[in-house]
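# Observations on the three-dimensional arrangement
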Amino acid sequence: MSVYESTSMWKEVDSYFSQVLIAEDDALITARESARLHHLPPHEVAANQGAFLGLLTRAVGARRVLEIGTLAGYSTIWLARAVGDNGHVTTLEVEPQYAAIAQENLRRAGVSQVVDLRVGPALNSLATLVRKGVEPFDLVFIDADKPNNPGYLEAALALTRRGSLIIGDNVVRDGEVADAASQDDRVQGVRTFLAMLGSDPRLDATALQTVGSKGWDGFAIAVVRTP
Ligand code: SAM
């Protein structure tokens, strides 16, 4: 089977899974479409991945979620719905235009009251959260610029507690993640991030490859063992 055929089958299977399993309502569909309408990069998670994030959030009973990388708020909606009315999502976005679109999508989805969207470089926003000594987050979803992943992980460790989950998206980089000599700083950011996950005694971690409507990708997931 050619790569093209496999890719189209991955899409077909994702579409089937979404059809039978995923309740993507008008607000989620509009969030995705608004990103295309405003020419934002097509980098939001797929519907089944958003549902997976929501399930993880509910499975660990997360009430406080931190997301790094909002884009148009598609994954934020899944996370916000999963934490429920008494929960809280803090999401960080560097682009004011994306943040404005996300705010509108969050409002349409009826989750604005549980989401704090902070605009600016995430490392700065994270430093502010650490400095303020905010209550620990139960789940952190890292999905922004990959060169900064090591810094995001350091901050996530400062902002979580024993048992919190840390998830990092897009760790495959078209397979280049396995190339130690890669000149791509996104690849090196992910490699350092994975090395930190694997060697830090405060964490238990793994990474999984995925295929689907978003192509070949994967995520890393870690549990915080000790504060
Ligand atoms: N989580 C979103 C979803 O699934 O719907 C997708 C996020 S997209 C992969 C990455 C986002 O991170 C983009 O909106 C980008 O502008 C933002 N970003 C990139 N660098 C950033 C930085 N230094 N600080 C904060 N956000 C950043």
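Only a predicted model underlies this, so the values are computations on that prediction, with no experimental measurement involved.

Reading the values: the criteria
Residues numbered from 1 in each chain as written. Predicted model: local features only at pLDDT ≥ 70, side-chain atom pairs only at ≥ 80, totals over all residues. Heavy atoms only, no water. Helix = DSSP H or I, 4+ residues; strand = E, 2+ residues; numbered from the N terminus. Buried < 20%, exposed > 50% of the residue type's maximum accessible area, 1.4 Å probe, protein only. Contact = heavy atoms within 4.5 Å. Polar contact = N/O pair within 3.5 Å; in protein donor to acceptor, adjacent residues only side chain to side chain. Pairing = 2+ DSSP bridges. Axes fitted to C-alpha atoms, helices over the stretch in contact; angles between N-to-C directions. Phe/Tyr/Trp six-rings, centres within 6.5 Å; stacked < 30°, edge-to-face > 60°. Lys, Arg positive; Asp, Glu negative; His and termini not counted. Salt bridge = Lys/Arg side-chain N within 4 Å of Asp/Glu carboxyl O. Core = buried A, V, L, I, M, F, W, Y, C linked by side-chain atoms within 4.5 Å.

### Examining the environment of Arg36
Relative to the helices and strands, Arg36 resides in helix H2 (residues 26–37). Residue class for Arg36 comes out partly exposed when judged on its relative accessible area of 34%. Along the primary structure Arg36 and Ala72 are separated by 36 residues, whereas in three dimensions their C-alpha atoms are 9.7 Å apart. Once residues lying within four places of it in the same chain are set aside, the contact partners of Arg36 are Pro41, Pro42, His43 and Glu44. One polar contact links Arg36 to Glu44, side chain to side chain, over a distance of 2.9 Å.

### Here's the deal with the sheet that holds strand S6 (residues 203–212)
Taken in spatial order, the 7 strands line up as S3-S2-S1-S4-S5-S7-S6 in an open sheet, and their pairing is mixed. With partners counted over all chains shown, the strands left at the sheet margins are strand S3 (115–119) and S6, one partner each. Neighbouring strand axes in the sheet, compared pairwise and without regard to direction, differ in orientation by 15° on average.

### Quick word on the packing of aromatic side chains
If you walk through the whole model with that rule in mind, you get 2 aromatic pairs. When the ring of Tyr16 is compared with that of Phe17, the centres are 6.1 Å apart and the planes differ by 45°; the resulting orientation is tilted. Take Tyr16: its relative accessible area is 46%, and that puts it in the partly exposed class. In this structure Phe17 comes out as partly exposed when scored by relative accessible area, which is 36%.

### Comments concerning the side chain of Asp14
In this structure, Asp14 sits in helix H1 (residues 3–21). The side chain of Asp14 is buried and forms no salt bridge, while Lys214, the nearest opposite charge, is found at 8.9 Å. In this structure the side chain of Asp14 is engaged in a polar contact, spanning 2.6 Å, whose partner is the side chain of Asn48. Once residues lying within four places of it in the same chain are set aside, the contact partners of Asp14 are Ala46, Asn48, Gly212 and Ser213.

### Section: the nonpolar core
Soluble globular proteins tend to pack their nonpolar side chains together in the buried interior. Leu139 and Ile167 are the most contacted members of the largest nonpolar core, which has 32 residues in total. Where this core is concerned, the elements lending two or more residues are H2, helix H3 (47–59), helix H4 (74–83), helix H5 (96–108), S3, strand S4 (137–142), strand S5 (160–169) and strand S7 (215–224). Of all the elements, H4 adds the most residues to this core, at 6 residues. The contact partners of Ile167, leaving out residues within four places of it in the chain, are Leu53, Leu56, Leu139, Val140, Phe141, Ile142, Phe219, Ala220 and Ile221. One finds Leu129, Phe137, Ile142 and Val190 within the second-largest nonpolar core, a separate group that totals 26 residues.

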